[in-house]
Amino acid sequence: MENVLPPAEELRLIDRELVQLDSRRAQLLTRRAWLLTALRAADHAAAAARGPGRHPGTSAETSPPSAQNVLLTLGGILLTVAAVAFTLVSWGHMGIGGRALVLGAVTVTALGTPLLLLRRGLVSTAESVAALGLVLTVLDAYALRRAVLPSTDAVAYTAVAAAVLTAVWAAYGHAVGGLRLPLPAAVVAGQLPLPLWALAAGDSVEVTAWATLATAGLDVVIALTARRAAVRALAVAGAVTAGGWSLLTGAWLSVSADAPAASVEPALLLLAAGALAVGAAWRAPAAAAATSTAGGLAAVAAAGGVLRTVVPADWAVPAYLLCAAALLTAVRVRMPRGVLTGLGVASGLVHGAAALWAAPVVLLALTGPAATLEDVWGGAPVRDVVLPGAATAPVVLAAVAVTLWAAPRFLPAAQPSRPAVECGALVLVWSAVVAAPVALSLPLGPTLAVQLAVTAAALATAARPSLVAALLPTAAEAKGEAGAQPRPAGPLAGSTRDGHDGHDGHDGHDAAESSGGPAGATGPGDTPGEERTSAPPRSAAGALDPVRTLAGTALACGLASAAGAALLGLASRPATFTALGVLVVVTALAAVAARGLVRIVVACAAVVGTTGLVTAAGAAAELPGHHVGLALLAVPAAAALLGARLGRHPVAAAVEATAAATVAIAVALAVPHPPTLALVLALAGVVAAGTAVRAKRRPLAGYAAAVLFVTATWVRLAASGVDVPEAYTLPVSVPALAVGALRRRRDPSASSWAAYGPGLAATLAPSLLAAWGDTDWPRPLLLGIAALGVTLAGARLRLRAPLVLGGLTLALDALHELAPYVVQVVDALPRWLPPALAGLLLLAVGATYEQRLRDARRLRETLGRMR
């Protein structure tokens, strides 16, 4: 056990060490400056000794070209051109001996000249002449085929010629070590002999694939043993190209095989390619991950291709998945880390592809019930889409889930994110259960039961992640760590804002959510016996909370399956009430048991389910649509009572807001029947007024209540065919204005909108609508006089609501009265005059734009200072 120094003593030690480091740094900087001065002096002396003829750092090869260099280069080019012309044009004018003598002499000269050039240090010139010599060897092969062996097969002769040229170029490159071109050229030429030989033999595609794989093997050997970078790069490119073509050919042959015997040879080809890739990865750590990934995929394709031929067609994907799972066992063998990573990635790719293959079945199970919207209560929807392999999709998803869950525990080489892996496994298990009814073609009842069961399980997991902590150790560890810490005193500590604790025996979920991690946790570099003096807190963005992640994932799954169950329940009346009833109960229980954001979401889901249940009850009772709208108002009323009971609990606002959306549905249902619409608006206003009794809800709910009451009055008057709405609105407006005046007297800071807005709008708006439909002049005149008085009173008393409402009413009333005359004037004017006037108006506004902006700001400030 180590003794920890007191902080003061440790600080003195650190200061002393820093002083010593500063002193040593000053010494080193002084020495460095002296060395730089000495080196500059030496460079100047060397430059003076060389003289002005040559710049330091240049060599003879980069010096200005001499006459000898130019002559040698031009001579080599001319010899090559002459050889090409001789081979293609003058070949037939000489005998066999003359032909061989001339072409051989030219080739030998072209290949021997670089030796002389290298001795003189002309490396670049030697490279150019050597390249021309290599081209001459290709012309030699072509000439030999045309003159001596014209009857031989072209492909076979090309294969033999490529092999000979490869050997000659390789020998030439090794013999003349100063040239860089012959060995890379030999690697490129070496790609042709074996594949061309297989094509010339006329054998099957398998033979060609084997020959290409053998070429890839030779490329791998060259890449692992060559010293020159250019040779290694070309060998790697050849290995990737040839090996990739062999792998693709083997995979195509394996998938095309329809019998076990036909799948054996492709499997052997794939296994050989995989062994070659893994062997290369073992010897080349830099590319081990990518190369071993290809090898692992080849092994899975080989074994799965054989199994595919002996199982039914629907079980082909599970066969490949079984082979991928078996590949994971190799990860526990002692291998280089890059090889282990590549094999794990290969298995993961196969598992991911299998999950994607099964995903359409899950989507069909979730979206298929939407077909019931076309014929509600008309029976179970008929599935017209038949997906191949749907019967095994749940098996595939469950297998992938098990592998994903077990991978971090049994594969020490793999280091995935544990919370992400566990949440992925949870999603896959949920997907498997959701897809099971589609795979088994279950009828409506069992399918609905499965959907409701999986919804209940998912919401229970979201509400209490401790239920699955035994299967998800990361969540259990987080729970244990959170339980070991004192419960924080913040709003996430499990107690609500109004002082209610929920469940006293909660499982530490809240503590896990609010704490960033254990204060004394051992870091990656600590030993169990060391005691850390401090631990930096984990940030919310840098650490993934397993409990929250698991709860969020389960919540998303539960809501998705709940939507599917609700849609599926629309197939029949009993199914509708069963599905919606169970969903309401499940979401309500989950809201009671959950905490934080999960509680808010499931509580809102319970409100939505209750709305659907009330609507279904009204439809089952064969009530008219406007009566169903009246019944729906029970939802916001109940939500308002619940919100008053919950007080400042965070769930209260969310529940009331969700229930308020039900009012829009009720209004939409009651629109065809205006009397009922007025009643719906009035009852909604009552609910809003009751909500406004609470101080925290008063600003929003009070305005909403006023708008609803006024709108209900207008609708009721219109529905009753009232020609003189003032007879009904004035008895309401006068007391409302009196009450507003008393409120303003008691509370001068009260807004004029709250004091006078409802009373003024209750009379002005219906009167304005009546005036626009009245062809006589008394009503518009009286309304204009009243609006003018209200406007002047608002301006005199500096009250915003009377000024805005009165001015708006006055302007619209004047527009109604002047509209016929404006139309007559416009008809009498020339057609070009309105655009001209509009242009002049725009010019005037543009010229005084800044002044208009200042006027608008002044008007806004004036209105802002009003009450």
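None of these values were measured; they are calculated from a predicted model. (Residues numbered from 1 in each chain as written. Predicted model: local features only at pLDDT ≥ 70, side-chain atom pairs only at ≥ 80, totals over all residues. Heavy atoms only, no water.)

## A few points about the overall build of the protein
Scanning the protein for helices and strands turns up 32 helices and 0 strands. In the protein, buried positions account for 36% of the 867 residues. A sequence separation of at least 24 residues applies to 70% of the contacts in the protein between residues at least 6 apart. (Helix = DSSP H or I, 4+ residues; strand = E, 2+ residues; numbered from the N terminus. Buried < 20%, exposed > 50% of the residue type's maximum accessible area, 1.4 Å probe, protein only. Contact = heavy atoms within 4.5 Å.)

## Topic: the nonpolar core
Soluble globular proteins tend to pack their nonpolar side chains together in the buried interior. Counting residues in each nonpolar core, the largest one holds 25 residues, and the members touching the most others are Val-396, Leu-397 and Val-434. Every element with two or more residues in this core is listed here: α12 (316–328), α13 (337–367), α14 (393–410), α15 (418–440) and α16 (444–463). For this core, the leading source of residues is α13, giving 8 residues. The residues contacting Val-396, other than those within four sequence positions of it, are Val-317, Pro-318, Leu-321, Ala-354, Trp-357 and Ala-358. (Core = buried A, V, L, I, M, F, W, Y, C linked by side-chain atoms within 4.5 Å.)

## Considerations on the packing of helix α23 (residues 634–646) against helix α24 (residues 650–670)
Taken N-terminus to C-terminus, the directions of α23 and α24 make an angle of 165°; their axes are 8 Å apart at the nearest point. What the angle tells us is that α23 and α24 run roughly antiparallel. You can see that α23 and α24 cross each other, and the crossing is left-handed. On α24, the residues that touch Val-635, Pro-636, Ala-639, Ala-640, Leu-642, Gly-643 and Leu-646 of α23 are Ala-652, Val-655, Glu-656, Ala-659, Thr-662 and Val-663. Class assignment for the residues of the contact of α23 with α24 results in 10 nonpolar, 2 polar and 1 charged. (Axes fitted to C-alpha atoms, helices over the stretch in contact; angles between N-to-C directions. Parallel < 35°, antiparallel > 145°, perpendicular 65-115°, else oblique. Left-handed = near helix turned anticlockwise from the far one by under 90°. Nonpolar A, V, L, I, M, F, W, Y, C, P; charged D, E, K, R; others polar.)

## Brief notes about α15
Three- or four-residue spacings in an α-helix give side chains the same orientation, since the helix completes a turn every 3.6 residues. For α15, which comprises 23 residues, the first-to-last C-alpha distance of 33 Å matches the rise-based estimate of 33 Å (1.5 Å per residue) to within 8%. In the stretch just after α15, Ser-441 is the one whose phi turns positive, near 55°. (Expected span 1.5 Å × (residues − 1).)

## Some thoughts on the packing of helix α27 (residues 726–746) against helix α28 (residues 752–772)
For the pair α27 and α28, the least separation of the axes is 7 Å and the interaxial angle reads 165°. Taken together, α27 and α28 sit at an angle that is classed as roughly antiparallel. The two elements α27 and α28 meet at a crossing, and its hand is left-handed. From α27, Glu-726, Thr-729, Leu-730, Ser-733, Ala-736, Leu-737, Gly-740, Ala-741, Arg-743 and Arg-744 reach across to α28, where they touch Ala-754, Ala-755, Tyr-756, Gly-759, Leu-760, Ala-762, Thr-763, Pro-766 and Ser-767. The residue inventory of the contact of α27 with α28, partitioned by class, reads 10 nonpolar, 6 polar and 3 charged.

## Here's the deal with the pattern of salt bridges
Once their charged atoms are close, side chains differing in charge can pair, the charge on each being opposite to the other. Inspection of every chain in the model, using the stated rule, returns 3 salt bridges. Between Arg-12 and Glu-9 there is a salt bridge, with its nearest N and O atoms 2.4 Å apart. Of this pair, Arg-12 and Glu-9 both sit in helix α1 (residues 7–50), 3 residues apart, roughly one helical turn. The exposure class assigned to Arg-12 is partly exposed, which follows from its relative accessible area of 46%. Of the charged contacts in the structure, one is a salt bridge between Glu-726 and Arg-779, with a shortest N-O distance of 3.1 Å. Separated by 53 residues along the polypeptide, Glu-726 in helix α27 and Arg-779 in helix α29 (residues 778–797) bring together distant segments of the chain. (Salt bridge = Lys/Arg side-chain N within 4 Å of Asp/Glu carboxyl O.)

## Quick notes on the side chain of Thr-662
The topology assignment puts Thr-662 in helix α24. Each residue touching Thr-662, except ones within four places of it in the same chain, is listed here: Thr-611, Leu-632, Val-635 and Pro-636.

## A short note on unusual backbone geometry
The residue Trp-377 is not glycine, and still its phi comes out positive at about 60°. Inspection of the secondary structure puts Trp-377 in the loop between α13 and α14.

## With respect to the confidence of the model for the protein
This prediction gives the protein a mean pLDDT of 80; 81% of its residues lie at or above 70. Scored below 50 in pLDDT, residues 481–543 shows 60 contacts in the model against residues more than four places distant or in partner chains. (pLDDT = per-residue confidence, 0-100.)

## Considering a nonpolar patch on the surface
The grouping of Trp-210, Val-264, Leu-268 and Leu-271 at the surface amounts to a nonpolar patch, some 340 Å² of accessible area in total. Of the residues forming the nonpolar patch, the biggest block, 3 residues, is contributed by helix α10 (residues 260–283). With respect to the helices and strands, the residue Trp-210 is situated in helix α8 (residues 205–225). (Patch = residues over 30% accessible without salt bridge, like charges linked within 9 Å, V, L, I, M, F, W, Y side chains within 5 Å. Areas by Shrake-Rupley, 256 points an atom, 1.4 Å probe, with all protein chains shown as cover.)

## As for the side chain of Ser-254
Examined against the element boundaries, Ser-254 turns out to sit in helix α9 (residues 229–256). If sequence neighbours within four positions are ignored, Ser-254 has contacts with Pro-266, Leu-270, Ala-301, Gly-305, Arg-308 and Tyr-320.

## Looking at the environment of Ala-562
Here Ala-562 shows up in helix α19 (residues 546–569). Here Ala-562 falls in the buried class, since its relative accessible area comes to 14%. Distance from Ala-562 to Ala-605, taken between C-alpha atoms, is 9.3 Å for residues 43 residues apart in sequence. When near neighbours in sequence (up to four residues on either side) are disregarded, Ala-562 contacts Thr-455 and Leu-583.

## A few points about the environment of Val-715
With respect to the helices, strands and loops of the structure, Val-715 is situated in helix α26 (residues 698–719). Since its relative accessible area comes to 16%, Val-715 is described here as buried. The sequence separation of Val-715 and Leu-677 amounts to 38 residues, and the corresponding C-alpha distance is 7.3 Å. Look past the residues within four positions of Val-715 in its chain and what remains in contact with it is Pro-674, Leu-677, Ala-678 and Leu-681.

## Things to note about the state of the cysteines
Under the counting rule described, the total for this entry stands at 0 disulfides. Here Cys-557 stays free of any disulfide, with the sulfur of Cys-423 as its closest cysteine sulfur at 9.1 Å. (Disulfide = S-S within 2.5 Å.)

## Things to note about the environment of Val-655
Secondary-structure assignment places Val-655 in helix α24. For Val-655 and Leu-642, which are 13 residues apart along the polypeptide, the C-alpha to C-alpha distance reads 8.5 Å. Leaving out residues up to four positions away in the same chain, Val-655 has contacts with Ala-603, Cys-604, Val-607, Ala-639 and Leu-642.

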